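What follows is each chain in one-letter form.
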Amino acid sequence: MKTAVSNRIKKAKSQIAFEAFGYCIITLVSLFCIFPLVLIVSGSLTENSILMREGYKLWPAEFSTSAYKQLFEYPEGIIAAYSNTIVITIVGTALGLWFITMTGYVLQRKDFRYRGKISFLIYFPTIFSGGLVPWYMMLSKYLHFTNSWWARVFPLLMTPFLIILMRTFISTSVPGEIIESAKIDGAGDFKIYYAIVLPVIGPALATVGLFLALAYWNDWYNTSLFITKKSMYSLQYYLYDMLNSARFAQEMGIYTGDIQLPTESIKMAMVVVVTGPIIFLYPFVQRYFVTGITVGSVKG
Amino acid sequence: MSRPERMQGGAAVQSALPRKKGFLDELKRNKILFVMLIPTFVYFLLNSYMPMVGIYFAFTRYNFRDGLFGSPFVGLENFKFLYKSGKLFSLTANTIGYNVAFILIANILQVAMAIILSRLSSKLFKRITQSIIFLPYFVSYVILNVIVYNIFNYEVGFLNGLLTRFGMEPYNAYGEPGIWRYLMVIFYVWKNLGYGMVVYLATITGISNDLYEAAEIDGANVIQQIRYITIPLLFPTFVILLMFALGRIMRGQFDLFYQVIGNNGVLYEVTDILDTFVFRTLKQDFDVGMSTSAGLFQSIVGFFIITTVNALIKRKDEAYALF
Amino acid sequence: MTRKILCALLAIMMVLLTGASALAADDMSKKVDITMWMTGSSSPRDFDLVASELSKKFEQDLNCTLNFNLFNDSNSSQRMTLMLSSGEPIDLIYSANYLGYANFAHRGAYMPLEDILPEVVPDLWNYVSEEFWEAVKVDGHIYMIPCMWPEYVPYGFLWREDLRKQYDLPVPVDFETIEAYMAGIKANCPDMQVTGELVSTYNPLGTHFTTWELLDGKYQWADYRVPYGLYIDYADPTKVLNWWESDEFREDMKMFKRWADAGYWSKSALATTETKTDAFQAGKIACDLGYNSPSGYANLVATLKNSHPDWEIGWLPFYRMKKLATPNDATQNGFSIPITAENPERALKVLEKLILDKDYFRLSQYGIEGVHYTVSEEGFYEYVGDAASSAFPREGSRLWGTRNTEFMLYPEETGKILTELNEEFSHYTYPNIWTGFDEDYTAYQAERAAVMNVQTQYLPAIQAGLVEDVDKAIDEFIQKMYDAGLETVRKGYTEQWLAYVERKGIQKTVIAE
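This structure is a prediction, so every number in the text was calculated from the model and none was measured.

A. Just the overall build of chain A, in detail. Summing up its helical and strand segments, chain A has 15 helices and zero strands in all. The proportion of buried residues among the 300 residues of chain A is 60%. If you take every contact in chain A between residues at least 6 apart in sequence, the share linking residues at least 24 apart comes to 74%. Surface exposure of chain A reaches about 11800 Å², of which carbon and sulfur atoms provide 71%.

Here it is as structure tokens:
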């Protein structure tokens, strides 16, 4: 009796001490993470010539919203980039999740003979690749992805890591016996997938879905290779293009004529506009992490 | 998967099957499963395996007229620029060194953050800080470089502003290559802390509460619970993340190095990795053969490293081995 | 079984990868789509509108649609290689010496045009001068339709004239007065940085610090783009000299070190993320040691008139310092037809229209008349609205390769400055002996790559004066260069240059003082 009480007090004490320590550490780390972002926001709200001369401060040296005004003078480009990126992210994530869950399901089926070999074939491209040129040829010449939405959807549909993650999750959360007995009851392989497996893997869908969505949202590379129509630019590429046009002109000594290059504060305002709204996305996804997931090896 | 599963359900199902049949029988028996694999099969075929034919580029002097198989075969000529540079060893060492540092330090911090966060009771605090820690993941390295430059710039940088305010000498960070070794790791962690944390947090959420309750009754304090329950259960996740990271150990964080170091040759000695070196070499005159040969070199060394590590792990505990 | 499938796939892949298109006679009754690519990111807002207007016109006149694209230029060499090697349908692509025109031509990326040009587009064939056709030849073939707009592209010293007057500083005319000007700014304007020099990766010279551009005012070299630390004197191009190992080079570098120590540019200049233009227009820097071209200067004057009406600027083109001006290279701007083009003949006709037809030219260069620009009574270009907010600024399509003097329009001020400067240069213009020379480094590609890498790593710091001991730094740099294969590269280059000089019959010249 006595020991139980003292145990509980000890637990409470250690818990309190740990939490206090935890709050401090997490606060410090959050400050470290947010500090550069504060500089960006402050930079975007500083008059450009002051920004160039005095550098970035935590608080604008001379407050000005002119960068935002200039950005939103012609908002069509940003709006187009935003809307197509949202659509691409949703479509890509949905398709990717569908394919990845199917694959994960098949690869964890113990009565599927080639699951080990196929798992390895899926892992192998992590190490070996043919390089940029043949990959580009494949997508542009044979699949005609230039200026096609597919160029933005296809390359990010799945990754070996996410497939293995999904497979392990399904095999740990759906016992083999359930699948077996469903089979004996006459359920088809596909029915087992959508009626038995899919409903119980919510957290995995959230995690893998989040990673897929992030990849789509952050993608600028595929746009840079395959998309030339401004109306089809992804959001991050829209930003990237703006940032790099000036740098290129500078490095190559190219004369840009009457084409105005964006100023420093406009660039920063653009970063805020592109990145800012994301802060609302993550808490939304967070709610789905109710139960956890575990990851395993490639072998299956 | 691990051994126990294979012994239980798997063995039972397999023994009920007809013995040793070919691919076609399997295809007939599990045709729905095969159909369900079609999208993945097509994806990897088009996105990964068919382009692998292009590895042959590494051995040709590419010209546009003759294409892949028409261009003259030149053996190992394209690899010459790598070893001719006299830097191949230091570049490889830098690439691997940075990646090991990134993988280890980032993972340790991600695990630590995930554990601490999972133990805090204020939901609101957790939610806000998690989002903040995640936010840098959305900031590209181009932007990071603008910030880095404005912190370390000698004349009007943030750091020197602070130093001079406290009466100290300004610090010339861009003239001190040594410090960048640590800065690069800090930048990497800054950007990726939140991303990896999610996987660990998800795993921790999956740990049954019964385990902790039982431990509490046994009188284990928080540290002991973490030490004996959480960490061992996170270990498999750590290993698989590690193995996937190792598969790409020869591919550096190109964007980070290219954007932050840029054209500042003074820092190359400590910050040059294979990807930046190759990119710089080919920036003005991109050469298909040289580019592919560098990629092939990275693949082969990477393959060698991953198979070695995998064999070592396999010998220790097969369950953790990747393949 | 799996192996068999793999083999079959490989075989299919091989057939697909090696397939090449054949050249067939142009059948005008067949409607085709012409795809055209220019370099340049951040296209103007109305780019697609102008492109579709153009396409409509072409549909009527040439029975083809025009697919008009910009490719991102921050990594242009790789991007062009990808596009040209993938065999995607491209009919016209912008090409230029600084984008590696000769190198792409050597490697068979472009279609030789000398046989079809006179037949398919006789007007265009006659419009381009024989000298230019000769100068764009690579391995004896014409791979480019060069731009005929005569242009001088010298570097020059740009400065804030209002500050000079305010602090009574000397007018910059030579290195001494330039230095005095910088010293004066440093002393009088403590919150300004004197100049914003930075690292440039300009091709084919290789990576350098932009202080180097100032030396264009000192040396009468045949061209400022001679790489590998060589020096070719305009007066006697039959000799190739070793500049980096000369005493003069050391003196130059010590001068830069002196300037760096005086704080004329940032100690962090090698890492800067700011462009000189941006810094200059924001009033952060007072001068620029290597500001490029009369057009650039004329444009800047116009821009500043709007943003800083109280400023005055001055520009000292280095041609004036050395009394030696040469017109631009033939390969400065132009268009090529990829070897894989499906409709090369129609593409040439499209190009001919863009260059030689006034309506096509104006539409493609300046946008829609009345919407984007108007022509004043005196024949000057005028914005509808202003340049900064224009939906299609002047030359917004980046069609530098189709400029044609006859149809070109200038804003009044710009036109005036350009005319004045060109008139001045004409007094000491000498023939461009450089145009038509291209280095083929396929034979020493690996060594060249190594040498260029060493240069990138060591040279900019020396040129920026950001080394402790200039002599020691140069010694180390030269040593590393030799280790990387400098000798082989220089030998290869020198041989090609001398052969070129002999083939062209280039003689010694006397340059008037």
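B. Broad picture of the pattern of salt bridges. Residue and element names in this part refer to chain C. Scanning the model with the defined rule gives 39 salt bridges over all chains in all. For R250, the salt bridge identified is with D475, shortest N-O distance 2.7 Å. Here the residue R250 occupies a position in helix α10 (residues 247-261), and D475 occupies one in helix α18 (residues 470-484), the gap between them amounting to 225 residues. By relative accessible area, which is 19% here, R250 ends up buried. In this structure D475 comes out as partly exposed when scored by relative accessible area, which is 42%. Linking K284 and E274 is a salt bridge whose minimum nitrogen-to-oxygen distance equals 3.0 Å.

C. Layout of the interface of chain C and chain A. With 56 residues of chain C in contact, the opposing surface of chain A contributes 43 residues. The contact between chain C and chain A buries some 4400 Å² in all, and 53% of this surface belongs to carbon and sulfur atoms. Where chain C touches chain A, the interface holds one salt bridge. Residue A:R53 pairs with C:D191 through a salt bridge whose shortest N-O separation is 3.8 Å. Applying the counting criterion to the chain C and chain A interface returns eight residue pairs in polar contact (both at pLDDT 80 or more). Looking at the side of chain C that touches chain A, the elements with two or more residues in it are α1 (2-18), β2 (64-71), α3 (76-86), β9 (199-200), α11 (276-281) and α12 (294-307) of chain C. Top element by residues in the side of chain C that touches chain A is α3(C). It accounts for seven residues. Within the side of chain C that touches chain A, the residues separate by chemical class into 18 nonpolar, 24 polar and 14 charged.

D. The arrangement of the interface of chain B and chain A in detail. Counting from both sides, the interface comprises 110 residues of chain B and, opposite them, 110 residues of chain A. Of the roughly 10100 Å² buried at the junction of chain B and chain A (both faces included), carbon and sulfur atoms supply 71%. Of all residues in chain B, the largest losses of buried area upon contact with chain A belong to B:M36, B:F138 and B:F244, amounting jointly to 8% of the total for that side. Seen at the junction of chain B and chain A, the total is zero salt bridges. Of the residues that constitute the side of chain B that touches chain A, the class distribution is 66 nonpolar, 29 polar and 15 charged.

E. Region of interest: the packing of helix α14 (residues 344-356) of chain C against helix α15 (residues 358-366) of chain C. Residue and element names in this part refer to chain C. Taken N-terminus to C-terminus, the directions of α14 and α15 make an angle of 85°; their axes are 5 Å apart at the nearest point. As summarised for this structure, α14 and α15 are arranged roughly perpendicular, according to the angle between their axes. Taken together, the residues of α15 that come into contact with α14 (itself represented by K353, L354, I355 and L356) are K358, Y360, F361 and S364. Per-class residue counts for the contact of α14 with α15 are five nonpolar, one polar and two charged.

F. Main features of the nonpolar core. A:Y105, B:W180, B:F187, B:L256, C:Y110, C:W259 and C:W265 are the most contacted members of the largest nonpolar core, which has 365 residues in total. At 15 residues, helix α10 (residues 177-205) of chain B tops the list of elements feeding residues into this core. Domain assignment of the residues forming this core places at least three in each of domain 1 (11-64) and domain 2 (74-286) of chain A. Ignoring sequence-local partners within four residues, the contact set of C:W259 consists of C:F175, C:I178, C:E179, C:M182, C:L214, C:Y264, C:W265 and C:L289. Within the second largest apolar cluster, 11 residues are counted, among which are C:C147, C:Y366, C:M408 and C:L409.

G. Inspection of the environment of A:Q108 at higher detail. Residues and elements named next belong to chain A. Here Q108 shows up in helix α4 (residues 76-108). For Q108, a relative accessible area of 5% gives the class buried. Remark: the alpha-carbon pair of Q108 and G186, spanning 78 residues in sequence, is separated by 20 Å. Aside from chain neighbours lying at most four places away, what touches Q108 is R167, I170, S171, V174 and I179.

H. Highlighting the sheet that holds strand β3 (residues 92-95) of chain C. All names here are of chain C. Sheet architecture is open: five strands sit in the order β2-β1-β3-β15-β6, paired in mixed fashion. Strand pairing shows two members of the sheet lacking a second neighbour, β2 and β6 (145-146), which therefore form its edges. Sheet analysis places β3 next to strand β15 (residues 334-336), joined by three bridges and oriented antiparallel. Opposite I93, over in β15, you have S336 as the bridge partner.

I. Quick peek at the pairing of β2(C). Residue and element names in this part refer to chain C. Along β2, seven of the eight residues are buried, which leaves the element largely enclosed by surrounding structure. Note: strand β1 (residues 32-39) against β2, eight bridges, orientation parallel. Opposite M36, over in β2, you have F68 as the bridge partner.

J. Examining the packing of aromatic side chains more closely. Taken as a whole, this structure holds 94 aromatic pairs over all chains when the rule is applied. Their ring planes at 45° and their centres at 5.5 Å tell us that A:F190 and A:Y193 sit as a pair that is tilted. Of the two residues, A:F190 and A:Y193 are both situated in helix α10 (residues 189-197); the distance of three residues between them amounts to about one turn of the helix. By relative accessible area, A:F190 is classed as partly exposed at 34%. Ring pairing ties together the aromatic residues C:Y155, C:W212, C:Y219, C:W221, C:Y224, C:Y231, C:W243, C:W244, C:F249 and C:F477, which thus form one cluster.

K. Representation of the confidence of the model for chain A within the structure. Within chain A, residue pLDDT values average 84, and 85% of them lie at 70 or more. For chain A, helix α15 (residues 281-286) of chain A is the element with the lowest average pLDDT, namely 69, and helix α7 (residues 150-153) of chain A is the one with the highest, namely 96.

L. A nonpolar patch on the surface, seen in detail. The grouping of B:V100, B:L104, B:I105, B:I108 and B:L109 at the surface amounts to a nonpolar patch, some 380 Å² of accessible area in total. The class of B:V100 is partly exposed, set by a relative accessible area of 35%.

M. Main features of unusual backbone geometry. All names here are of chain C. For D168, which is not glycine, the phi torsion reads 55° and is therefore positive. Locating D168 in the fold gives a position in the loop between α8 (161-166) and α9 (175-188). Positive phi outside glycine occurs at K323, with the angle close to 50°. You can call K323 partly exposed: its relative accessible area is 34%.

N. Main features of helix α7 (residues 123-134) of chain B. With 12 residues, α7(B) extends 16 Å between its outermost C-alpha atoms, agreeing within 8% with the 16 Å of an ideal straight helix rising 1.5 Å per residue. Buried within α7(B) we find B:T129, B:Q130, B:S131, B:I132, B:I133 and B:F134.

O. Summary view of the domain arrangement of chain A. Residues and elements named next belong to chain A. Domain boundaries in chain A define domain 1 (11-64) and domain 2 (74-286). Taking only C-alpha atoms, the centre of domain 1 and the centre of domain 2 are 30 Å apart. Counting residues at the interface gives nine residues for domain 1, matched by seven residues for domain 2. Between domain 1 and domain 2 we count zero salt bridges in total. Counting across the interface, domain 1 meets domain 2 through three residue pairs in polar contact (both at pLDDT 80 or more). Those elements giving two or more residues to the side of domain 1 that touches domain 2 turn out to be α1 (2-44) and α2 (48-54). A per-element tally of the side of domain 1 that touches domain 2 places α1 first, with four residues. Looking at the side of domain 1 that touches domain 2 residue by residue, the classes come out as five nonpolar, four polar and no charged.

P. Layout of the confidence of the model for chain C. Per-residue pLDDT for chain C averages 89, and the proportion of residues at 70 or more is 94%. ipTM for the predicted complex: 0.87, alongside a pTM of 0.88.

Q. Examining the pairing of strand β7 (residues 155-160) of chain C more closely. Residue and element names in this part refer to chain C. Counting buried positions along β7 gives six out of six residues, so the element sits mostly inside the fold. The pairing of β7 with strand β13 (residues 285-292) spans four bridges and is classified as antiparallel. Looking at β13, one finds that G156 is bridged to Y291. Examined bridge by bridge, β7 and strand β14 (residues 313-317) share five bridges and lie antiparallel to one another. Note on β14: the bridge partner recorded for W159 is G314.

Criteria and cut-off values
- Residues numbered from 1 in each chain as written.
- Chains lettered and ligands numbered in written order.
- Predicted model: local features only at pLDDT ≥ 70, side-chain atom pairs only at ≥ 80, totals over all residues.
- Heavy atoms only, no water.
- Helix = DSSP H or I, 4+ residues; strand = E, 2+ residues; numbered from the N terminus.
- Buried < 20%, exposed > 50% of the residue type's maximum accessible area, 1.4 Å probe, protein only.
- Contact = heavy atoms within 4.5 Å.
- Areas by Shrake-Rupley, 256 points an atom, 1.4 Å probe, with all protein chains shown as cover.
- Salt bridge = Lys/Arg side-chain N within 4 Å of Asp/Glu carboxyl O.
- Buried area = accessible area lost by both parts, 1.4 Å probe.
- Polar contact = N/O pair within 3.5 Å; in protein donor to acceptor, adjacent residues only side chain to side chain.
- Nonpolar A, V, L, I, M, F, W, Y, C, P; charged D, E, K, R; others polar.
- Axes fitted to C-alpha atoms, helices over the stretch in contact; angles between N-to-C directions.
- Parallel < 35°, antiparallel > 145°, perpendicular 65-115°, else oblique.
- Core = buried A, V, L, I, M, F, W, Y, C linked by side-chain atoms within 4.5 Å.
- Domains from an automatic or database assignment.
- Pairing = 2+ DSSP bridges.
- Phe/Tyr/Trp six-rings, centres within 6.5 Å; stacked < 30°, edge-to-face > 60°.
- pLDDT = per-residue confidence, 0-100.
- Patch = residues over 30% accessible without salt bridge, like charges linked within 9 Å, V, L, I, M, F, W, Y side chains within 5 Å.
- Expected span 1.5 Å × (residues − 1).

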